[in-house]
Amino acid sequence: MEPYSIEEFTQKIKKSIQVLLFLFEAKTGIKSKASNIQPHVGDKGAEVYFELEVPFETLDPDIGSFTFTLNKVDDVTVGFFNKVVLTPKADFIYAKNKQPGDHDDMVGLFVGVSYDWSGHEGQNNSKMILAFEYYLYYDEYDQYYG
């Protein structure tokens, strides 16, 4: 497989992230938004970093209740994205049988969390921001498409 140009990879990966977020919403019911998308290409592969804003509702701003809800949303989100693989065609696939010990080409980071104290009775008054970095390797083409 020939290496991507940065323009080609950027175009493909932005579309793939849109599809990935649609799949995430369909599987979890959580509508999220990606930002700070940073694609990079190299001779042996490519990578993409993006941040994911995940809104959620907190019924009680008490630290115990807030962190309980945050942990539930985090578990669902990370549980989904841990099973996602970036293929050499710059497509994300959901590998539902992927186990925690399997080859992992993703790094997930907790960036932050915020709570809107004004009008806090509203839906989705909190948001969690996670960052993900996925890697693809051109020499794995046959593993997926061979």
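Source: prediction; values computed, not measured. (Residues numbered from 1 in each chain as written. Predicted model: local features only at pLDDT ≥ 70, side-chain atom pairs only at ≥ 80, totals over all residues. Heavy atoms only, no water.)

(A) Local environment of the overall build of the chain. On a plain count of helices and strands, the chain comes out with 3 helices and 6 strands. Across the chain, helices and strands are ordered from the amino to the carboxyl terminus as α-β-β-α-β-β-β-β-α. Residue burial in the chain is summarised as follows: out of 146 residues, 36% are buried. Across the chain, the fraction of contacts at a sequence separation of at least 24, relative to all contacts at a separation of at least 6, is 67%. Of the roughly 8,600 Å² of accessible surface on the chain, a fraction of 51% belongs to carbon and sulfur atoms. (Helix = DSSP H or I, 4+ residues; strand = E, 2+ residues; numbered from the N terminus. Buried < 20%, exposed > 50% of the residue type's maximum accessible area, 1.4 Å probe, protein only. Contact = heavy atoms within 4.5 Å. Areas by Shrake-Rupley, 256 points an atom, 1.4 Å probe, with all protein chains shown as cover.)

(B) Structural view of the nonpolar core. Within the largest apolar cluster, 31 residues are counted, with the highest numbers of intra-cluster contacts made by F9, V48, F50, F81, F92, F132 and Y134. Of all the secondary-structure elements, those providing two or more residues to this core are α1 (6-28), β2 (45-56), α2 (63-81), β3 (84-86), β5 (106-115) and β6 (126-137). With sequence-adjacent residues up to four places away left out, V48 is seen in contact with F9, I13, I17, I37, Q38, P39, L86, F92, F132, E133 and Y134. (Core = buried A, V, L, I, M, F, W, Y, C linked by side-chain atoms within 4.5 Å.)

(C) Representation of the pairing of β2 in the model. The element β2 is largely enclosed, with a buried count of 9 among its 12 residues. Note: strand β1 (residues 33-41) against β2, 7 bridges, orientation antiparallel. Residue pairing across strands places K33 opposite E53, the latter belonging to β2. Here β1 folds back onto β2, and the loop between the two strands holds 3 residues. Here β2 pairs with β6 via 12 bridges, running antiparallel. Pairing of V54 across the sheet is with M128, part of β6. (Pairing = 2+ DSSP bridges.)

(D) The arrangement of the packing of α1 against α2 in detail. Running from N to C, α1 and α2 cross one another at 130 degrees; their axes reach a closest spacing of 11 Å. One way to sum up the angle between α1 and α2 is to call them oblique. Relative to α2, the crossing made by α1 is right-handed. When α1 is examined against α2, the residues L20, L21, L23, F24, K27 and T28 are found in contact with a partner set consisting of V76, T77, F80 and F81. Grouping the constituent residues of the contact of α1 with α2 by class yields 7 nonpolar, 2 polar and 1 charged. (Axes fitted to C-alpha atoms, helices over the stretch in contact; angles between N-to-C directions. Parallel < 35°, antiparallel > 145°, perpendicular 65-115°, else oblique. Left-handed = near helix turned anticlockwise from the far one by under 90°. Nonpolar A, V, L, I, M, F, W, Y, C, P; charged D, E, K, R; others polar.)

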